[in-house]
Amino acid sequence: MIALGPLAVAFAVFVAAIAAVLILWWGANPGRGRAPAVSERTPWTGGREPQVHAWNRYHARYYPMALVFLAFDMEMVFMYPWAVVFRSEGLIAMVEMGMFITILLLGVLYAWRERALEWV
Amino acid sequence: MGLKSRIAGFAAAGPVPVFVVAGAGMRAMVQDVQLDPHVRIVDTPRAAALLLIAGSTNHADVQALARLHDILPHPRATVTWRTHDPFVALGGAGAATAVEEDDPVPTLRAVFRDILTGGRASEPAILPDVDAVEWRGIGPYGQGGSGMTGGTPYGRPMAELGPDRDGLRLDILPVSLGPFFPRLPSGLVLTAKLSGDVMTEVAVTTPGVLPSRPGSASPFIRALSGPVAIAELELARACDHLRWLSDALMAQGLPALGRRALRLAHEVRPGDGDRVRAFGARLSRSGLYRWSLPRAGLVEAGRFSGLGLGPIARAAGVAEDVRLEDEGYRALGFEIVVMRRGDPVGWWQVRIEEAARSLDLAARAAGRKTTLVGRVESPRGRLEPGDSPTNRALALVPELLSGLEWGDALTTLIGLDLDLDEAASVMDSGELRATA
């Protein structure tokens, strides 16, 4: 029973959280039980009826972001050997990694400014 | 008091989410509502509880207004402010509350409280809740046919294919923004084809016949027919630029700075040029010009030459200003602001500097009046009877917006500072040219 104590508490918290979410959802939706009307289901762009359906294939232009991610991800690999020698090297290792991260951060800011992080 | 009404009371004490339709002559008054912390003007009707219709709207847009009304989530209500729109006669929302006072906020709060606490029923839909066309495919169970999952969903065809900027053939989505798109003048409809988020084949239309617009109070309209005090004109110009700046900042998602610009528009007096410059320097330091404003949409000076487009032409290096022809201004040593930067950043910077110089000029003007009659430099450019800078700017919209990304296109459009009230005020017949 003692062993089950923390589990029972966790389960009770879980059930209480689910109940709270359901109550808030129910309380925050005054239109519950009513199907959305046609006008509520229609995309709104200022008052005109849409001419075509909103399902639309467009090019997710994620490749610059993927390249930027790969570049920064690979640079993070250098943190593994650094972590191994960090205790023995001390403050100097901390400063060097700080400089390294700062240079990377500048690179991220540059990519952001060049709009490489925009998707479509 | 039950728990439900107690919670409703708490909710009613918060800011009222309002979607606003700013009709004829009500742009500035609607803008001022944003200074009240009890009201939150939202950008989509789905986030609003109340629909505020301020001033008259075009009769042709009544169907769009009804659609706007019906898209608000329940519980909802309509408040009309200084208007008796035909919208009310459509039947469904006959219970709209009318306000005639200068400040609609007390009424908005009272109506909001009523619909939350159950003192007033949510307004029913105006339009019938019937699909224009049933969604049905060609198969015996409604399945199959053309389109992503077959059939023609609710009578709307799927988007057509077209080339995109990456050399692929993808869907081209036709969209029309307006006549009640937030941040755009009421009645203006922008149609474009979206390839991803790049705009192509842009066209803009304005209402054919505008309702009467009380524009005669503007000193710029009065200056067309007789001398007006330069101090009054320049103070009005500075306020107009600051009001535009407030709108543009709100559109950039910077409401606190937008409200600060609006407060500045209310507070500035002749000689306060440095206050405006300090605010401009603050914007510059915030990195807004570098990070938020589009660097696309650069316009050659020659394209604006002779069009009398005021600040946006002067930002591109065109040294045109009707004030240079006026003896009254020349005697005051008036100098125009010219930059060599034909993009929205330049438009912002020129307007801010012009607002500052106008306040300085107003302080020096004493009792001096304009001498030129029949044409005047409005905050948007050369204004003449029968012709307005808004009309001329509208003709440039397709060219300026084509090829821009969605956000950049809207920022550019807002940067043009289109004013349909001013345009209608100088039209003889009350008709505004519909522009391609």
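None of these values were measured; they are calculated from a predicted model. (Residues numbered from 1 in each chain as written. Chains lettered and ligands numbered in written order. Predicted model: local features only at pLDDT ≥ 70, side-chain atom pairs only at ≥ 80, totals over all residues.)

## Brief notes about the overall build of chain A
When helices and strands are counted, chain A shows 5 helices and 0 strands. From first element to last, N terminus to C terminus, chain A shows the α and β order α-α-α-α-α. Radius of gyration (C-alpha) of chain A: 26 Å, far over the 14 Å computed for a compact globule of 120 residues. Taken along the three principal axes of its C-alpha coordinates, chain A extends 65 × 60 × 20 Å. For chain A, the residues scored as buried account for 4% of the 120 residues in total. (Helix = DSSP H or I, 4+ residues; strand = E, 2+ residues; numbered from the N terminus. Rg over C-alpha atoms; globule rule 2.2 N^0.38 Å. Buried ≥ 20, exposed ≤ 12 C-beta atoms within 10 Å, placed from the backbone.)

## Quick notes on the sheet that holds strand E9 (residues 198–205) of chain B
Residues and elements named next belong to chain B. Taken in spatial order, the 4 strands line up as E6-E7-E8-E9 in an open sheet, and their pairing is antiparallel. The sheet is open, and its two edges are formed by strand E6 (160–163) and E9, each paired on a single side. Recorded for the sheet is a direction-independent mean angle of 35° between the axes of neighbouring strands. Relative to E9, strand E8 (residues 189–195) runs antiparallel, the two being bridged by 6 bridges. Bridge assignment links Val189 to a residue of E9, and that residue is Thr205. (Pairing = 2+ DSSP bridges. Axes fitted to C-alpha atoms, helices over the stretch in contact; angles between N-to-C directions.)

## With respect to helix H15 (residues 406–415) of chain B
Residues and elements named next belong to chain B. Summarising burial for H15: 7 of the 10 residues are buried, a large majority. Within the sequence span of H15, burial applies to Asp408, Ala409, Leu410, Thr411, Thr412, Leu413 and Gly415. Asp417, located one to two residues past H15, shows a positive phi value of around 55°.

## Let's talk about the interface of chain A and chain B
Contacts between the two partners involve 22 residues from chain A, matched on the other side by 39 residues from chain B. Broken down by class, the residue content of the side of chain A that touches chain B amounts to 9 nonpolar, 9 polar and 4 charged. (Contact = placed C-beta atoms within 7 Å. Nonpolar A, V, L, I, M, F, W, Y, C, P; charged D, E, K, R; others polar.)

## Some remarks on the nonpolar core
Residues and elements named next belong to chain B. Judged by nonpolar contacts, the single largest core of 116 residues is most densely connected at Val18, Leu50 and Leu52. Looking at this core element by element, the count peaks at 13 residues for helix H6 (residues 230–251). Every residue in contact with Leu50, bar those within four places of it in the chain, is listed here: Val16, Val18, Ala77, Val79, Leu108, Val111 and Phe112. (Core = buried A, V, L, I, M, F, W, Y, C linked by C-beta atoms within 7 Å.)

## Some thoughts on the environment of Ala77 of chain B
Inspection of the secondary structure puts Ala77 of chain B in strand E4 (residues 77–81). Along the sequence, Ala77 of chain B and Arg120 of chain B sit 43 residues apart, while their C-alpha atoms lie 8.9 Å from each other.

## With respect to the environment of Met250 of chain B
Residue and element names in this part refer to chain B. Among the secondary structure elements, Met250 is positioned in helix H6. Residue class for Met250 comes out buried when judged on the 23 C-beta atoms lying within 10 Å of it. Each C-alpha atom of the pair Met250 and Arg183 lies 8.8 Å from the other, and the pair is 67 residues apart in sequence. Those residues in contact with Met250 that sit more than four places away from it in its chain are Pro255 and Gly258.

## Here we look at the environment of Ala159 of chain B
Structurally, Ala159 of chain B can be placed in the loop between helix H4 (105–117) and E6. Overall, Ala159 of chain B belongs to the buried group, with 23 C-beta atoms counted inside 10 Å. Contact partners of Ala159 of chain B, with chain neighbours within four places excluded, come to Val52 and Asn56 of chain A together with Asp171, Ile172 and Leu173 of chain B.

## Quick word on the sheet that holds strand E2 (residues 39–41) of chain B
Paired through backbone hydrogen bonds, the strands of a sheet run either parallel or antiparallel to each other. Residue and element names in this part refer to chain B. Strand order across the open sheet formed by 5 strands is E2-E1-E3-E4-E5, with parallel pairing between neighbours. The strands lining the two open edges of the sheet, one partner per strand, are E2 and strand E5 (97–99). The mean angle between the axes of side-by-side strands here comes to 30°, regardless of whether they run parallel or antiparallel. Its contacts with the sheet put H4 on strand E1 (16–22), E2, strand E3 (50–54), E4 and E5, and the angle it makes with E4 is roughly 165°.

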